Amino acid sequence: MCGIFGITTNQNKPVGKIALEAIKRLEYRGYDSCGIVTQYESQLLVKKDAGKIEEINQRIKLDDFPNGSRLALAHTRWATHGPPTKINSHPHLDCDDKIAVIHNGILENFIELKEEMLSKGHVFKSETDTEIIPHLIEENLKKNVDLKDAVVNAVKKCKGAYGLAICHADYPDTIIAVRRESPLIVGIEEGKTTYCASDIPAFLPYTRNCYILEDDEIAILKAGTVEFYDVYNSNFPKKKDLHHVEWSMDAAEKGGYEHFMLKEIYEEPDALRRTLKVTNDSLKDFAKSLLSAENIYITAAGTSFYAALAGKFIITKFLGKYIQAIECSEFKTELINSLEKDSVIIAISQSGETIDLIEAIRWAKDYQASVKILSITNIVGSSITRHSDKILITQAGPEIGVAATKTFVTQVLIQSLVALEIAKLRKIESQNEIQKYYDALHSIPEVIERFLTKSVDLIKYIVRNLEKNLNFFFLARGISIATAKEGGLKLKEVACRFIEGYSAAHAKHGPISLVREGYPIIFIAPPDETYERLVGNLMEFKSRGGKIISLVVEDDKKIGDLSDITIRIPQPGDKYHSLFSPITFVPALQLLAYYAALEHNLDPDKPLNLAKTVTVH
Ligand code: F6R
């Protein structure tokens, strides 16, 4: 969940400044403390502290290092072991201040290892699990091995997850990067500069050429070169494929918007247009695997899980088989006695690194080798792809805001495209009918564009109206329950309000007792098969004094007329568009959450206690 960055160069570059800018671009991975180390004249110079990067920089000028320095490591932390304090922030050093380590992940056996090192006389300064690594390396170096072998022998003793970048005061141009279960990418400007980072945007202003490190691989970075080895076969270098990243830097920077969250909401139309171009062959492959499956599960976490709930609904409509949705953290517990060998699992993850999801699919494969994993992710080469039989990549581009926005809509879209492939293969609908669903999907980018252009003032007005209400509901039926849940999650996450997305029918069985005169309820009401029943639910709340805010399509009459405030999504009120309503309705709720965060003086890009990629259980 932390962000790590390293640079080694033979160019006259300000490495401290580059490292600082890089961790700012990684701040979404964690932002409770940070630090930078450079190597200069056989010494390590460290600056670190607790707080947000910009605040720390104001205090201690994080990037102010001597000119001749050619190497730097930088870290932005999301605390796991030990609170966010200066002492616990990275880098961590050995007893002689010669070895510096930055780490993303959790070392499970650090207590045993720490006791072992303490018994050998090592002195620890922090409460972190990470600090064990420089001491293990220091201990290994006493045995006259080189730095690479000292690192290899150190990580072989560690259990858990790590993306590590390491430097040594006596190795002026060397960074060692090694990973297990935590992402690590190496970027390269041939012959000049080599970078490592937990995410591509960190080095994207300098190079688009990169290598993706796999589990148990180690990379030796020198200025403009890199060599790769396997941790468990570290005598011979190995070849790896160079990837060229297509993302533009623009996509990773704020580009005039106040926050990444807002920028990424406005990028949704283009993200959807790109995703609409995903090739038919890969969609058809997915579709065929689902058609031949006996048992189908869909699993994910957080926003991706709500995208899964929407997708399951859309796919099931054309597949004619039940798909069971299970949160990935519960996957093993729920299926330990029942996962059949011919099961297919759809796994969805924006980052492709969510540890509970990786663990769920790994467990499934171990338990039944013939189980097939179909994954949907936004990140090429992410961990999930290594455990998958088939992969679909959403084309959302880099999502930096901690709150998932454009990835949600692209995840639902790509599942919708799979659903239509299934419809074609099964021939259950006429060509003409299927084409109408495609036309609806292709009109979505424009629908969202029109909504974003004309409805911002209304959303701001609603936010001001709801300002005093610490709690309220989003209520819905059918597929819109996924929309309601995602809306509730966004508000909890960025606006710190406990707002629930709930089934409108189920709300009668308890939550309705919260309703008083003026209590707000937001009804999500696309004109689908649940609409008439939802009108009935709405009346139940209205007659108890509830203040009704509704989210409906442009030409809606009934619910719009019954509501105190109506948000209208500019889309046709037919069944073709309604099936995909989570894609067109959720942006309104994302915008609501965004402006609610601003109303409460919260930074929507840095919600309290959160990190974008959750790589701990
Ligand atoms: C909410 C959010 C999280 C993620 C969840 C899964 O806005 O971003 O709930 O959706 O942590 O992350 P991925 O999709 O990377 O597996």
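Residues numbered from 1 in each chain as written. Predicted model: local features only at pLDDT ≥ 70, side-chain atom pairs only at ≥ 80, totals over all residues. Heavy atoms only, no water.

As a further point, take the overall build of the protein chain. Looking only at helices and strands, the protein chain has 21 helices and 25 strands in total. Over its C-alpha trace the protein chain gives a radius of gyration of 25 Å, about what one expects of a compact globule, namely 25 Å for 617 residues. If one aligns the C-alpha atoms of the protein chain with their principal axes, the spans along those axes are about 80 × 50 × 45 Å. In the protein chain, buried positions account for 61% of the 617 residues. Put simply, 72% of the contacts in the protein chain that link residues at least 6 apart link residues at least 24 apart. (Helix = DSSP H or I, 4+ residues; strand = E, 2+ residues; numbered from the N terminus. Rg over C-alpha atoms; globule rule 2.2 N^0.38 Å. Buried < 20%, exposed > 50% of the residue type's maximum accessible area, 1.4 Å probe, protein only. Contact = heavy atoms within 4.5 Å.)

Taken together, the neighbourhood of the ligand is formed by 13 residues, with Ser 304, Ser 349, Ser 351, Thr 354 and Glu 493 sitting nearest. In this structure, Ser 349 approaches the ligand through a side-chain N or O atom, which is 2.6 Å from an oxygen atom. Contact between the ligand and Ala 404: an oxygen atom at 2.9 Å from a main-chain N or O atom of the residue. Only helix H10 (302–319) and helix H17 (480–495) provide two or more residues apiece to the shell around the ligand. Taken together, the residues of the shell around the ligand break down into 4 nonpolar, 7 polar and 2 charged. (Near = heavy atom within 4 Å. Polar contact = N/O pair within 3.5 Å; in protein donor to acceptor, adjacent residues only side chain to side chain. Nonpolar A, V, L, I, M, F, W, Y, C, P; charged D, E, K, R; others polar.)

Within the secondary structure, Ile 102 is located in strand E6 (residues 99–107). In this structure the C-alpha to C-alpha distance between Ile 102 and Ser 33, which are 69 residues apart in sequence, comes to 12 Å. When near neighbours in sequence (up to four residues on either side) are disregarded, Ile 102 contacts Ile 4, Phe 5, Leu 73, Ala 74, His 75, His 90, Pro 91, Gly 163, Leu 164 and Ala 165.

Right, let's talk about the sheet that holds strand E17 (residues 323–327) for a bit. Taken together, the 5 strands give an open sheet; going across it, the order is E17-E16-E18-E19-E20, and neighbouring strands pair in parallel fashion. Among the strands making up the open sheet, the edge pair consists of E17 and strand E20 (390–393). The sheet shows a mean angle of 20° between the axes of neighbouring strands, direction not considered. Relative to E17, strand E16 (residues 295–300) is paired through 5 bridges, and the arrangement is parallel. Residue Ile 298 lies in a different strand from E17, and its bridge partner there is Ala 325. Sheet contacts for helix H12 (residues 355–367): E16, strand E18 (343–349) and strand E19 (372–377); angle to E18, the most-contacted strand, approximately 165°. (Pairing = 2+ DSSP bridges. Axes fitted to C-alpha atoms, helices over the stretch in contact; angles between N-to-C directions.)

Attention shifts here to the domain arrangement of the protein chain. Annotation of the protein chain at the domain level lists domain 1 (3–253), domain 2 (257–429) and domain 3 (452–610). Summarising the inter-unit geometry, the C-alpha centres of domain 2 and domain 3 are found 25 Å apart. Contact residues are listed per partner, giving 28 residues for domain 2 and 29 residues for domain 3. With both sides pooled, the region where domain 2 packs onto domain 3 buries about 2400 Å², and carbon together with sulfur makes up 74% of that total. (Domains from an automatic or database assignment. Buried area = accessible area lost by both parts, 1.4 Å probe.)

Once that is clear, we can look at the packing of helix H8 (residues 268–275) against helix H15 (residues 431–454). The N-to-C vectors of H8 and H15 enclose an angle of 180°; their axes lie 8 Å apart at closest approach. Relative to H15, the element H8 is oriented roughly antiparallel. When H8 is examined against H15, the residues Glu 268, Pro 269, Leu 272 and Arg 273 are found in contact with a partner set consisting of Ile 444, Pro 445, Glu 446, Ile 448 and Glu 449. Within the contact of H8 with H15, the residues separate by chemical class into 5 nonpolar, no polar and 4 charged. (Parallel < 35°, antiparallel > 145°, perpendicular 65-115°, else oblique.)

Leu 290, Phe 474 and Ile 583 are the most contacted members of the largest nonpolar core, which has 108 residues in total. Here this core gets 12 residues from one element, more than from any other, and that element is helix H21 (residues 581–599). Composition of this core by domain shows at least three residues from each of domain 2 (257–429) and domain 3 (452–610). Residues within four places of Phe 474 in sequence aside, it is in contact with Ala 484, Gly 487, Gly 488, Leu 491, Ile 499, Glu 500, Gly 501, Tyr 502, Ile 522, Ile 524, Leu 589 and Leu 592. Grouped together as the second largest cluster of nonpolar side chains are 33 residues, Ala 22, Ile 36, Cys 210 and Ile 400 included. (Core = buried A, V, L, I, M, F, W, Y, C linked by side-chain atoms within 4.5 Å.)

As a further point, take unusual backbone geometry. Residue Pro 91 follows His 90 across a cis peptide bond; omega there is 5°. Along the chain, Pro 91 falls in the loop between strand E4 (71–77) and strand E5 (92–93). Although it is not a glycine, Asn 144 sits at a positive phi angle of roughly 65°. Residue classification places Asn 144 among the exposed positions, given a relative accessible area of 75%. Located in the positive-phi region is Glu 181, a residue other than glycine, with phi close to 70°. Summarising the element assignment, Glu 181 is placed in the loop between strand E8 (175–180) and strand E9 (185–189).

Turning next to the sheet that holds E5. On the basis of which strands lie adjacent, the open sheet formed by 7 strands has the order E5-E6-E7-E8-E12-E13-E14 and antiparallel pairing. Each having just a single partner strand, E5 and strand E14 (233–238) make up the two edges of the open sheet. Of the pairings in the sheet, the one linking strand E13 (residues 225–230) to E14 comprises 2 bridges and is antiparallel in character. Of the residues in E14, the one forming a bridge with Asp 230 is Asn 233. Against the sheet, helix H4 (residues 132–141) engages E5, E6 and strand E7 (160–168), with an angle of about 125° to E6.

With that settled, the discussion passes to the pairing of strand E3 (residues 43–50). In terms of strand pairing, strand E2 (residues 33–40) meets E3 through 8 bridges, oriented antiparallel. Bridge assignment links Val 37 to a residue of E3, and that residue is Val 46. The turn joining E2 and E3, which pair antiparallel and follow one another in sequence, is formed by 2 residues; a positive phi near 45° is taken by Glu 41.

Summed over the entire model, instances satisfying the criterion amount to 17 aromatic pairs. The ring of Phe 65 carries the charged tip of Lys 47 above its face, separated from the ring centre by 5.4 Å. Cation over ring: Lys 492 sits above Phe 498, and NZ or CZ is 4.9 Å from the ring centre. (Phe/Tyr/Trp six-rings, centres within 6.5 Å; stacked < 30°, edge-to-face > 60°. Lys NZ or Arg CZ within 6 Å of the ring centre and 35° of its normal.)

Interhelical geometry of H8 versus helix H14 (residues 406–426) gives an angle of 30° and a closest axis separation of 9 Å. Classified by the angle between their axes, H8 and H14 sit roughly parallel to one another. Crossing of H8 over H14 shows right-handed handedness. Here Glu 268, Ala 271, Leu 272 and Thr 275 of H8 come into contact with H14, specifically with Lys 406, Val 409, Thr 410, Leu 413, Ile 414 and Leu 417. Taken together, the residues of the contact of H8 with H14 sort by class into 6 nonpolar, 2 polar and 2 charged. (Left-handed = near helix turned anticlockwise from the far one by under 90°.)

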